[in-house]
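Structural features, examined
Given next are the chains, with one letter for each unit.
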Amino acid sequence: MRVRSNLVSGIIFIVFGAVLLLLMDSQIIVYGDVKFIESAKVIPFFVELLMIVCGAILIIQSLFLKKEKYVEICWDEQKYALTMIGIFAVFAALIYFTGFIIGGIGFIVMMALFFKNRNLVHILILTVMVIFIYFLFTQVFHISLPRFGEVR
Amino acid sequence: MDNIALQVLGQVFTLQNGFFAIASVFLGIIIGAIPGLTVTLGIILFLPLTYGMTPITAIIALLGIYVGGCYGGSISAILINIPGTNSALATTLDGYPLAAQGKANKALSTSLFASVVGGFLGSVILLFAAQPIATMAAKCRSPEYFSLAIFGLTVIAGVSGDSIVKGIISACIGIFISCIGLESLSGTLRYTFDSLLLFSGISLLPALIGLIALTQVLLKSVEEKRKASDLEKVDYVEKLKDPQINKKEIKSIMKTILKSTGIATVIGAMPGAGGGVASFLSYNEARRTSKHPEEFGKGSLEGIAAAESSNNTVVGSAMIPLLTLGIPGDGVTAILLGAFILHGMQPGPKLFTDQAVETYSIIVGLIICNIILYVLGRLFTKQISKIINISYKILGVAIALFCFAGAFANSGSIYEMLLIVPLAIVGYYLGLLGFSVIPMMLGLILGPIVEVNFTRSMIVSFGDPLIFFKEPISCSILIFALVFTILIMRMNKKIEGENPNSEGMSE
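Residues numbered from 1 in each chain as written. Chains lettered and ligands numbered in written order. Predicted model: local features only at pLDDT ≥ 70, side-chain atom pairs only at ≥ 80, totals over all residues. Heavy atoms only, no water.

What to know about the overall build of chain A
- Scanning chain A for helices and strands turns up 5 helices and 2 strands.
- Scanning chain A from its N terminus toward the C terminus, one meets helices and strands in the order β-α-α-β-α-α-α.
- Over its C-alpha trace chain A gives a radius of gyration of 24 Å, far above what one expects of a compact globule, namely 15 Å for 152 residues.
- Partitioning the contacts of chain A with sequence separation of at least 6, the portion at a separation of at least 24 is 64%.
- Distance between charge centroids for chain A: 10 Å, based on 12 positive and 9 negative side chains. (Helix = DSSP H or I, 4+ residues; strand = E, 2+ residues; numbered from the N terminus. Rg over C-alpha atoms; globule rule 2.2 N^0.38 Å. Contact = heavy atoms within 4.5 Å. Lys, Arg positive; Asp, Glu negative; His and termini not counted. Charge placed at Lys NZ, Arg CZ, Asp CG, Glu CD.)

Let's talk about the overall build of chain B
- A count of helical and extended segments in chain B gives 22 helices and 2 strands.
- Computed over the C-alpha atoms, the radius of gyration of chain B is 22 Å, within 12% of the 23 Å expected from 2.2 N^0.38 for a compact globule of 507 residues.
- C-alpha extents for chain B along the principal axes are approximately 70 × 50 × 50 Å.
- Taken across its 507 residues, chain B has 65% of its residues classed as buried.
- Counted over contacts in chain B with a minimum sequence separation of 6, partners at least 24 positions apart contribute 79%.
- As presented, chain B carries roughly 18000 Å² of accessible surface, and 65% of it is formed by carbon and sulfur atoms.
- Each charge sign in chain B was given a centre, from 32 positive and 30 negative side chains, and these centres are 7 Å apart. (Buried < 20%, exposed > 50% of the residue type's maximum accessible area, 1.4 Å probe, protein only. Areas by Shrake-Rupley, 256 points an atom, 1.4 Å probe, with all protein chains shown as cover.)

Quick look at the interface of chain A and chain B
- Taken together, the contact between chain A and chain B spans 67 residues of the former and 65 residues of the latter.
- Taken over both partners, the interface formed by chain A and chain B buries close to 6000 Å², and the fraction arising from carbon and sulfur atoms is 80%.
- Of all residues in chain A, A:Q27, A:F88 and A:F115 give up the largest surface area on contact with chain B, accounting jointly for 11% of the area buried on that side.
- The interface formed by chain A and chain B contains 0 salt bridges.
- Along the contact surface separating chain A from chain B lie 11 residue pairs in polar contact (both at pLDDT 80 or more).
- Elements represented by at least two residues in the side of chain A that touches chain B include exactly helix 1 (5-27), helix 2 (42-63), helix 3 (75-98), helix 4 (100-115) and helix 5 (120-140) of chain A.
- The dominant element in the side of chain A that touches chain B, judged by the number of residues it contributes, is helix 3 of chain A, at 13 residues. (Buried area = accessible area lost by both parts, 1.4 Å probe. Salt bridge = Lys/Arg side-chain N within 4 Å of Asp/Glu carboxyl O. Polar contact = N/O pair within 3.5 Å; in protein donor to acceptor, adjacent residues only side chain to side chain.)

Notes on the confidence of the model for chain B
All names here are of chain B.
- Summary statistics for chain B give a mean pLDDT of 85 and a share of 93% for residues scoring 70 or more.
- When pLDDT is averaged over each helix and strand of chain B, the minimum, 67, is found for helix 8 (residues 155-159) and the maximum, 93, for helix 2 (residues 15-33).
- Contacts for the low-pLDDT stretch residues 229-233, under 50 throughout, to residues beyond four places or in other chains number 5 contacts. (pLDDT = per-residue confidence, 0-100.)

Things to note about the packing of aromatic side chains
All names here are of chain A.
- If you walk through the whole model with that rule in mind, you get 24 aromatic pairs over all chains.
- Taking 6.3 Å as the distance between ring centres and 90° as the angle between the ring planes, the aromatic pair formed by Y80 and F114 counts as edge-to-face. Of this pair, Y80 sits in helix 3 while F114 sits in helix 4; the two residues are 34 residues apart in sequence, bridging distant segments of the chain.
- Judged by centre distance (4.9 Å) and plane angle (90°), the rings of Y96 and F97 are edge-to-face. (Phe/Tyr/Trp six-rings, centres within 6.5 Å; stacked < 30°, edge-to-face > 60°.)

Quick notes on the pattern of salt bridges
Residues and elements named next belong to chain B.
- For the structure shown, the criterion picks out 8 salt bridges over all chains.
- In this structure, R288 engages E285 in a salt bridge whose closest nitrogen and oxygen atoms are separated by 3.0 Å. Taken together, the residues span about one helical turn, with R288 and E285 both in helix 12 (residues 274-289) at a distance of 3 residues.
- Since its relative accessible area comes to 21%, E285 is described here as partly exposed.
- Here D464 and K470 are joined by a salt bridge, their closest N and O atoms 2.5 Å apart.
- Note on K470: relative accessible area 55%, which makes it exposed.

Side note on helix 9 (residues 164-179) of chain B
Residue and element names in this part refer to chain B.
- Taking 1.5 Å per residue as the helical rise, helix 9 with its 16 residues ought to reach 22 Å, and the 22 Å between its terminal C-alpha atoms agrees with that figure.
- Counting buried positions along helix 9 yields 14 of 16 residues, so the element is predominantly enclosed.
- Between the side-chain oxygen at the start of helix 9 and the backbone nitrogen of V165 there is a gap of 3.4 Å, and the oxygen is on S163.
- Two residues or fewer after helix 9 comes G181, characterised by a positive phi angle close to 100°. (Expected span 1.5 Å × (residues − 1).)

Notes on a nonpolar patch on the surface
All names here are of chain A.
- A grouping of F46, L49, L50, V53 and I57 is seen on the molecular surface, where their side chains present a nonpolar patch of about 380 Å² in accessible area.
- Looking at where L50 falls in the secondary structure, it is placed in helix 2.
- Judged by relative accessible area, L50 falls into the partly exposed class, the value being 37%. (Patch = residues over 30% accessible without salt bridge, like charges linked within 9 Å, V, L, I, M, F, W, Y side chains within 5 Å.)

Digging into empty space enclosed by the protein
- Evaluated as defined, the whole model comprises 2 cavities of 30 Å³ or more.
- Space inside the second largest cavity adds up to approximately 50 Å³.
- Residue lining of the second largest cavity: A:I108, A:M111, A:A112, A:F115, A:N117, A:H122, A:I123, A:L126, B:K393, B:I394 and B:V397, and that is the complete set.
- Residue assignment for the lining of the second largest cavity shows that the elements contributing at least two residues are helix 4 and helix 5 of chain A together with helix 18 (392-411) of chain B. (1 Å grid on protein atoms, 1.4 Å probe; cavity = no way out; pocket = protein on both sides within 12 Å on 5 of 7 lines; lining within 4 Å. Points joined across faces, edges and corners; volume = space filled by probe spheres on them.)

With respect to the domain arrangement of chain A
- For chain A, the domain assignment lists domain 1 (2-72) and domain 2 (75-140).
- Once you take the C-alpha centre of each, domain 1 of chain A and domain 2 of chain A turn out to be 37 Å apart. (Domains from an automatic or database assignment.)

Some remarks on helix 7 (residues 142-153) of chain B
Residue and element names in this part refer to chain B.
- Over its 12 residues, helix 7 extends 17 Å from the first C-alpha to the last, a length consistent with the 16 Å expected when each residue adds 1.5 Å.
- Counting buried residues along helix 7, 11 of its 12 residues qualify, which places the element largely inside the surrounding structure.
- For helix 7, the complete set of buried residues consists of S142, P143, E144, Y145, F146, S147, L148, A149, F151, G152 and L153.

Shown next, in the form of structure tokens:
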């Protein structure tokens, strides 16, 4: 599927900027008698406005100036990307429930399945790496990593 | 001054600094040598490990990766014609043809020598140039700081890829993300959607990991999965049996190295230009003034020397605007700016008065990293050459493990670790639509500086937005920012026209 990147991006950011602008009054409540230009609203306001303006420029470039960049989005690639995102999410959940080492080993297995990598040496190297990373953080640099049974 | 010099020597020459400087330069060479790993990625992954270190050790270690990575990029550029880093692209032009003639060792030793001389001189220039610039900049107040931060955002012009409009949107997203949570001046909550998790905002490190590092893992893994066959395997070490560069050849390239160092010092200090632009400009200048221009593109030692000395000089010169004005010279120094802030140091003119010992220690550390590079390059280039073809099936998993561990290590919060997944999704799909994540990162880092100084300026000027133009220094900085943006865009266009493979050279 060929996607007109400027047109799509333009629409996305006009909508995104507009939604944020509409939400501003409920999401940024300024108390007291503070001028708008000195308030916490001013930078988000300009940033959101700039998003809308740039989005409009992209649409004008695409529709009127015929300055467009086509992006090929292939379903297979998207399938792989979504699978990878799923693996990342499962890995994060595994770390949450089982700690870094077990979660990491689970991640290695999932990635081996994803790449159809049956090379046991690779899996072994990566397993050692999980343990190495754990000890590097916790023992050498004294930075804690989640342990088994330690749901935060 | 003597007192500071003694304190600096005492701070720099410690066992801990020595160990981490050697380890990080070594790691940097490996990161640079492996195509698909960038210096930016290396620094982001190493950043969480520096939390337990002193600011001096931490920044020296990160600079070690930068120094090592700039040379490491030339190893794969010379041996397999794939630059390990974007700034090594110009090295492929003569490095690979020379390796193909059976002179890979000569090409690598030329690259090492030029990198070390360029890097060393760039660092020495930083040592002597930084203080006078910082003294001049010390007169800056909030309007000038705001203008400087806007100047820093001109880097966007150099790192936006094919569309500056998309670069501006990307930076806006970064600034917006930096606005989430508690505002520092008034304590107002912004875009928290009543979630306690968002009260303290989105921390810089998880954002960098999610948007840059994990996004890269996602992109490369998908690419690896699609790839039908692996790269052709070659025994690279077999190529390294020829003699190294000799004294006569060193003499013949010295003039080119010095000239390239001069060019790269100026280019590197300009926001947005970076090592890629500097190396191509130096390469073109070396070819223009060479006695043997016909050898360029066929394995010229001058060509390799020009490209490599300039990209390593940029390490030092890009630190000049960073340390003195608080504005990053390229994508890598933008991450370093984040690292300074995370370690409690605010780059800018006050750094040379408030934290003079730490600042000079870091600069001296950078000089030492270049000396270490020479030793490690001589000893280990052959061994490192063996691993440049490592499969992404291993590499991708290892990087992802570091990403999750690093995100958790930032504050010990599972929430920050979970956050990197949606950020990677944002980074991936924006990348698909042609958005570069580097401007987003700049927005994230410079956003708070822009905001604080804008609000302060508004308060002291009773809400007059023209204050930025009424103050002569601030107005000059803004004019400079505009001129630089146009200049960088033109320079990028020219270089991309001459070298079609050079898109997005500034990391």
